[in-house]
Amino acid sequence: MTTYDVIILGAGAAGLLCAAEAAKRGRRALLLERSDKIGKKILISGGGRCNFTNLHCQPKNFLSQNPHFAKSALARYTPADFIALVEKHRIAYHEKTLGQLFCDDSASQIVAMLESECRSAGVKIIVNAHIREVRRDTSFLIRCDSVEYRAPVLVVATGGLSIPKMGATRFGYDLAEQFGLKIVPTRPALVPLLFNATDRKRYSDLAGISADVIARADENSFREKMLFTHRGLSGPAILQASSYWREGESIQIDLAPGRDATQPIRQAGTRNAAVAEKALHAFLPKRLAERWLQQHPPKSWTNASLDAFERELHSWQIHPAGTEGYDKAEVTAGGVDTNELSSKTMESRKVPGLFFIGEVVDVTGQLGGFNFQWAWSSAVAAARSL
Ligand SMILES: Cc1cc2nc3c(=O)[nH]c(=O)nc-3n(C[C@H](O)[C@H](O)[C@H](O)COP(=O)(O)OP(=O)(O)OC[C@H]3O[C@@H](n4cnc5c(N)ncnc54)[C@H](O)[C@@H]3O)c2cc1C
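Reading the values: the criteria
Residues numbered from 1 in each chain as written. Predicted model: local features only at pLDDT ≥ 70, side-chain atom pairs only at ≥ 80, totals over all residues. Heavy atoms only, no water. Buried < 20%, exposed > 50% of the residue type's maximum accessible area, 1.4 Å probe, protein only. Helix = DSSP H or I, 4+ residues; strand = E, 2+ residues; numbered from the N terminus. Pairing = 2+ DSSP bridges. Right-handed = clockwise from strand over helix to strand, strands pointing away. Axes fitted to C-alpha atoms, helices over the stretch in contact; angles between N-to-C directions. Contact = heavy atoms within 4.5 Å.

Next up on the list: the pairing of strand S2 (residues 6-9). Two faces make up the sheet, and in a regular strand the side chains alternate between them. Residue alternation in S2 divides its side chains into two sets, Val6 and Ile8 and Ile7 and Leu9, and both sets are buried. Across 4 bridges, the pairing between S2 and strand S3 (residues 29-32) is parallel. Bridge assignment links Val6 to a residue of S3, and that residue is Ala29. One crossover worth recording links S2 to the parallel S3 by way of helix H1 (residues 13-24), and it is right-handed. As judged from the 4 bridges shared by S2 and strand S12 (residues 153-156), these two strands associate in the parallel manner. The partner of Val6 across the bridge, within S12, is Val153.

Structure below.
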């Protein structure tokens, strides 16, 4: 039996930073990771360059049943705090767009940075740790294959369900339930959407084509690129909207944001399909402009018909059949109910000494570095209270 001050489950973004910060505060910290490597998701994040935070991070960039929950942690460990850490390790970075900060070179630098913070603070990291049992009597007991570890504090940082082939499991949710904590039902988020059968026939051959659009779901709108895939729609605008979309609801897509698309048709000497196609092609890829006109032609060339045509261009109603699921989802929405946790420390209200941080909690960031910022902020909130 080996005893520590704190045991952290999961050496992902949240677990690594929490372990380092706890150890810096003099706590003997043990970090147990199920897979053979630490920080695997960080390595594949941001196309291999890790979008590690967002300069414009605000509570409104997060979904949760309690939209106020994330405020305290986000205010006490901000993007500037994480940037200071990145700069201390001399990792070069740049702003790509919309406040999104990426490594110039590689996401592996972020993993190396976190590992170095852990090592220099004295964190004990064990990979390939297969946890068989978690119990609590006077303290927490964690039984791996042949070894038992004990600590008065247990931090669960085992992430969400997305990308099961990288080892994502229900472990964190099951553990929460084992200790009587409620779970907000989980669902894939930041995920491509699937066409219904009709739209699939109409549009799937446009795979690879993208356009600048505004995608809206549940009153939230995102102006970014949309991408046609063989099975549906993707691209940042759709991924963002997908987090707010619920089965059976529609997504509205503005294919001509901020434009009076029919103006050139109205002004033309002759109004016809060729003129309309040229007008759409001014802002849409040619094949999409052609397809749109085939599928949604104006009823006639009168002003009233063009008004209707214009309205439809700005509010294309898509009824997705579903999402690509956890295999393709960047994150998991839902998770450990925030009502169960202190927003200052992430500690369970019911079970003293039990903490949940990162994606396993019902706090989900929008696309753009917000999910990592939540991992960092919630990790530090917990570590500071240990
Ligand atoms: C392809 C992809 C790209 C992404 N890009 C970005 C991006 O650029 N910016 C951004 O902000 N977010 C991005 N995300 C989201 C981001 O990676 C996650 O939100 C973040 O990693 C969550 O951190 P976490 O520590 O809570 O969980 P994770 O990083 O998933 O870490 C959880 C850890 O727990 C381990 N674990 C699981 N079960 C057990 C167990 N039973 N015992 C021990 N260990 C266990 C896992 O192996 C893993 O190492 C991306 C996600 C994906 C899938």
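Back to the write-up after that little detour.
Time to look at the sheet that holds strand S6 (residues 93-95). Read across the open sheet, the 3 strands follow the order S4-S7-S6; overall the sheet is antiparallel. Bordering the open sheet on either side are strand S4 (51-54) and S6, each of which pairs with just one other strand. The mean inter-strand angle of the sheet, taken between neighbouring strand axes irrespective of direction, is 25°. Bridge analysis of S4 against strand S7 (residues 100-103) gives 3 bridges, and the strand direction is antiparallel. When the bridges of S7 are listed, Thr53 appears paired with Leu101. Sheet contacts for helix H4 (residues 79-88): S4, S6 and S7; angle to S4, the most-contacted strand, approximately 140°.

In space, the 4 strands of this open sheet follow the order S1-S11-S10-S9, with mixed pairing throughout. Edge positions in the sheet fall to strand S1 (2-3) and strand S9 (133-136), since each of these pairs with one other strand and no more. With 2 bridges connecting them, S1 and strand S11 (residues 148-151) associate as parallel partners. Paired with Thr3 across the bridge in S11 is Arg150.

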